[in-house]
Amino acid sequence: MPAMPYLTMGVLFAINLLNYMDRLTISGVLTLIEEAPLNRTNGTNKTCACGGFGISDSASGFLQSSFIIGYMVFSPMFGYLGDRYNRPVLMSIGIIFWSGATLGGSFAPSYNIMVVFRALVGIGEASYATVAPTIIADMFAKELRMRMLILFYLAVPIGSALGYVISAQVAAQACCWRWAFRVTPGLGVILALVSLCFLRDPPRGESERALEHSSAASTGIRAYLQDLKYIIKVKSYVWSTLGFSTVTFTVGALAQWVPTYIRWATAYENEDFALSVKSAGYGVGGITVVAGLGGSYLGGELARVLGRRTKQANALVCGFSSMLAGPLVYVALTTAHVHKLFYVMWTFMFFGMLMLLFGWAPVSALLLSIIVPKRRATAAAVQIFVSHLLGDALSPFLIGKFSDSARKSLLGGHNNGRVPQLEDANHSEIVAEERALRYALYAAAVMSTVGALFYIISSWYLPADMDAAEKDARQRSPPNDSLASPSTANAVDDDDDAPLLSAADDGPELAVNLGDDQLLL
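Definitions and limits used
Residues numbered from 1 in each chain as written. Predicted model: local features only at pLDDT ≥ 70, side-chain atom pairs only at ≥ 80, totals over all residues. Heavy atoms only, no water. Helix = DSSP H or I, 4+ residues; strand = E, 2+ residues; numbered from the N terminus. Buried < 20%, exposed > 50% of the residue type's maximum accessible area, 1.4 Å probe, protein only. Contact = heavy atoms within 4.5 Å. Areas by Shrake-Rupley, 256 points an atom, 1.4 Å probe, with all protein chains shown as cover. Expected span 1.5 Å × (residues − 1). Salt bridge = Lys/Arg side-chain N within 4 Å of Asp/Glu carboxyl O. Patch = residues over 30% accessible without salt bridge, like charges linked within 9 Å, V, L, I, M, F, W, Y side chains within 5 Å. pLDDT = per-residue confidence, 0-100. Phe/Tyr/Trp six-rings, centres within 6.5 Å; stacked < 30°, edge-to-face > 60°. Lys NZ or Arg CZ within 6 Å of the ring centre and 35° of its normal. Axes fitted to C-alpha atoms, helices over the stretch in contact; angles between N-to-C directions. Parallel < 35°, antiparallel > 145°, perpendicular 65-115°, else oblique. Left-handed = near helix turned anticlockwise from the far one by under 90°. Nonpolar A, V, L, I, M, F, W, Y, C, P; charged D, E, K, R; others polar. Polar contact = N/O pair within 3.5 Å; in protein donor to acceptor, adjacent residues only side chain to side chain.

A count of helices and strands for the protein chain gives 16 helices and five strands. When each of the 521 residues of the protein chain is scored for burial, the buried share is 60%. When contacts within the protein chain are restricted to residue pairs at least 6 apart in sequence, long-range pairs at least 24 apart make up 82% of them. Counting every atom, the protein chain has about 19,900 Å² of accessible surface; 66% of that belongs to carbon and sulfur.

Locating Thr246 in the fold gives a position in helix α9 (residues 235–266). The contact partners of Thr246, leaving out residues within four places of it in the chain, are Met447, Ser448, Gly451 and Phe454.

Quick look at α9 now. Here α9 is 32 residues long and its end C-alpha atoms lie 45 Å apart, about the 46 Å a rise of 1.5 Å per residue gives. Counted residue by residue, α9 has 28 buried out of 32 residues, so it is predominantly covered.

To continue, consider the pattern of salt bridges. Under the defined criterion, the tally for this structure stands at 12 salt bridges. One salt bridge connects Arg23 with Glu125, and the closest N-O pair in it is separated by 3.3 Å. Of this pair, Arg23 sits in helix α1 (residues 4–28) while Glu125 is found in helix α5 (residues 111–139), placing the two residues 102 residues apart along the sequence. Exposure remark for Arg23: the relative accessible area of 5% places this residue in the buried category. Accessibility expressed as a relative area gives 0% for Glu125, which makes it buried. Here Arg87 ties to Asp201 by a salt bridge, and the two come within 2.7 Å at their closest N and O atoms.

What follows covers unusual backbone geometry. Backbone geometry follows two general trends: most residues other than glycine have a negative phi, and most peptide bonds adopt the trans configuration. In the Ramachandran plot, Cys175 falls in the positive-phi region, its phi being about 60° despite a non-glycine side chain. Exposure remark for Cys175: the relative accessible area of 3% places this residue in the buried category.

With respect to the helices and strands, Val247 occurs in helix α9. Accessibility expressed as a relative area gives 4% for Val247, which makes it buried. Here the alpha-carbon distance between Val247 and Ser322, two residues 75 residues apart in the chain, equals 7.2 Å. Excluding anything up to four places from it in sequence, Val247 contacts Ser322, Leu356 and Tyr455.

Turning our attention to the side chain of Ser245. Within the element layout of this structure, Ser245 appears in helix α9. The class of Ser245 is buried, set by a relative accessible area of 2%. In contact with Ser245, other than residues within four places in its own chain, are Val386, Ser387, Leu390 and Gly391.

This part is about a nonpolar patch on the surface. On the surface, Phe62, Ile69, Val73, Phe74 and Met77 cluster together to form a nonpolar patch covering roughly 380 Å² of accessible area. Mapping Phe62 onto the fold places it in helix α3 (residues 57–82). Classification of Phe62 as partly exposed rests on a relative accessible area of 30%.

The predicted model of the protein chain has a mean per-residue pLDDT of 78, with 81% of residues at 70 or higher. The weakest mean pLDDT in the protein chain belongs to strand β3 (residues 501–503) at 36; the strongest belongs to helix α11 (residues 313–335) at 92. Predicted confidence for residues 41–47 stays below pLDDT 50, and this span has 13 contacts to residues more than four positions away or in other chains. Considering only residues more than four positions removed or in separate chains, one finds that residues 481–489, a stretch of pLDDT under 50, has 17 contacts.

This part is about the packing of aromatic side chains. Summed over all chains, the structure comprises 14 aromatic pairs. Where Phe342 meets Tyr343, the ring centres are 5.3 Å apart and the plane angle is 80°; that geometry is what we call edge-to-face. Three or more aromatic residues joined by ring pairs form one cluster here, namely Phe53, Tyr111, Trp177 and Phe181. For Arg23, the ring lying beneath its charged end belongs to Tyr71, and the centroid distance is 4.7 Å. Sitting above the plane of the Tyr230 ring, Arg375 keeps its charged end 4.8 Å from the centroid.

This part covers the packing of α1 against helix α7 (residues 184–198). Contact pair α1 / α7: the axes reach a minimum separation of 10 Å and the direction vectors enclose 155°. The angle between the axes of α1 and α7 places the two elements in the roughly antiparallel class. In the crossing of α1 with α7, the sense of the turn from one axis to the other is left-handed. Only Thr184, Leu187, Gly188, Leu191, Val194, Ser195 and Phe198 of α7 make contact with α1, whose side of the interface consists of Met4, Val11, Ala14, Ile15, Leu18, Met21 and Asp22. A per-class count over the contact of α1 with α7 returns 10 nonpolar, three polar and one charged.

What follows is about the environment of Asp404. Along the chain, Asp404 turns up in helix α15 (residues 395–410). Of the residues examined, Asp404 reaches a relative accessible area of 13% and is grouped as buried. On a C-alpha basis, the gap between Asp404 and Ser58 in space is 6.8 Å, while along the polypeptide they are 346 residues apart.

Let's shift gears to the environment of Val115. Tracing the backbone through its elements, the reader meets Val115 in helix α5. Accessibility expressed as a relative area gives 14% for Val115, which makes it buried. C-alpha separation for the pair Val115 and Leu63, spaced 52 residues apart in sequence, amounts to 5.5 Å. Residue contacts for Val115: discarding those within four places in its chain leaves Phe62, Leu63 and Ser66.

Contact geometry of helix α8 (residues 221–232) with helix α14 (residues 376–390) gives a least axis separation of 10 Å together with a crossing angle of 70°. Relative to α14, α8 is oriented roughly perpendicular. Every residue of α14 that contacts α8 at Tyr224, Asp227, Leu228 and Ile231 is listed here: Thr378, Ala379 and Val382. Class assignment of the residues belonging to the contact of α8 with α14 gives a composition of five nonpolar, one polar and one charged.

An ideal rise of 1.5 Å per residue puts 27 Å on 19 residues; helix α4 (residues 87–105) measures up with 27 Å between its terminal C-alpha atoms. Between the side-chain oxygen of the N-cap and the backbone nitrogen of Val89 there are 3.0 Å, and the N-cap of α4 in question is Asn86.

Printed below as a string of structure tokens:
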């Protein structure tokens, strides 16, 4: 069995882990960034001189929205480049860029400068997110591809949880939120060098034997417009992208606001019950990693098994998990402020997150199964752009804006727009902030359920679109499929129906079937 595809998977997993650590770092210290500049203690008699920017919920929500805006706006460009040029080089450049922007943000002297650095981080991460799944698709085929996508997306919950937990812990120990942004940049530079020096760029379509070298791909605006014209005609792609947009709306809102909301909710009945920044980060991080591991694995495996019976499997798994996620999150939010139901809240939040993350691997596998290899990076980039434009580019800011308006209404207009510090807030302010955030987050729960409808519609068109993509791949295959091109020597397949050994009459290649893996020698 060739080692290079699996070594590549290990590197891609590590980069994706770092990607989500970096992305969710801000959520673990959001309440500290919202505070006004001040001197305080961290509970160990150590004086802190690292206050925040004194901003409102909507302003702090826009910090994440600015990241998403940079991320989505530049995704189409990297999708175009990823279909035509060396992908490990593109990834390496992006990783170094986002690592430098993360480090720069830790020195931001003002809120506006911080917004700029978060947008720059998004630009760097766009280079990686658009091309990594296409590399996996070109190295692995069929059910083994789904297994590798499951592994790849397991990094999402683990990285997200580490982002929450490490940022909160580092900020507490350093008594300054800025140090939370100085953990990942060094790791990013190391992974960029590994990617640049050791990863190979497999030919497009290698796993399907439909070899399309990037050097042969047409370039220019006309070629890109042809790619877009092709993509928007794939109906299951369009509807699944809309479905994924609603999921990203919900996940983006929860990732940004749940740690902050839980602090206010636990203080609702008694201020002494309020969780610290670190405890809230640990709690949300813990359920995120466990729910994410379970959701990514179970969702991918369920889609893989159902895929043997129906070509609609990926869309149906995404749809039904989104349908269940909304009510679960709603119950979690409704019970959070009741102290006696504290563990009920965590339970429902866990299962809500589990359902939200059920579709990460299936929705990616769906895209790869209906788009021809030479246009996959572009399709992934367009999906990133649309899903974030309609999803988490808006949701953190909109939830914050809704919260600000609700708080002002609940307080009878006696509010200057700034969020009070929890430690200094009176009971009416605590109640108002908890209710304001809760009412705003209800919208996120509803959006998840709406997304189920889009996925169901996608499933109606999915079989025909898969057949069309497979027909295209067969037409591009070499005349004699048993004669493998030398460039396919590292591709890994999983055709369970292939004979154990087979050899071409006129060539030295030998196909060895090992259950789920097929190796061409």
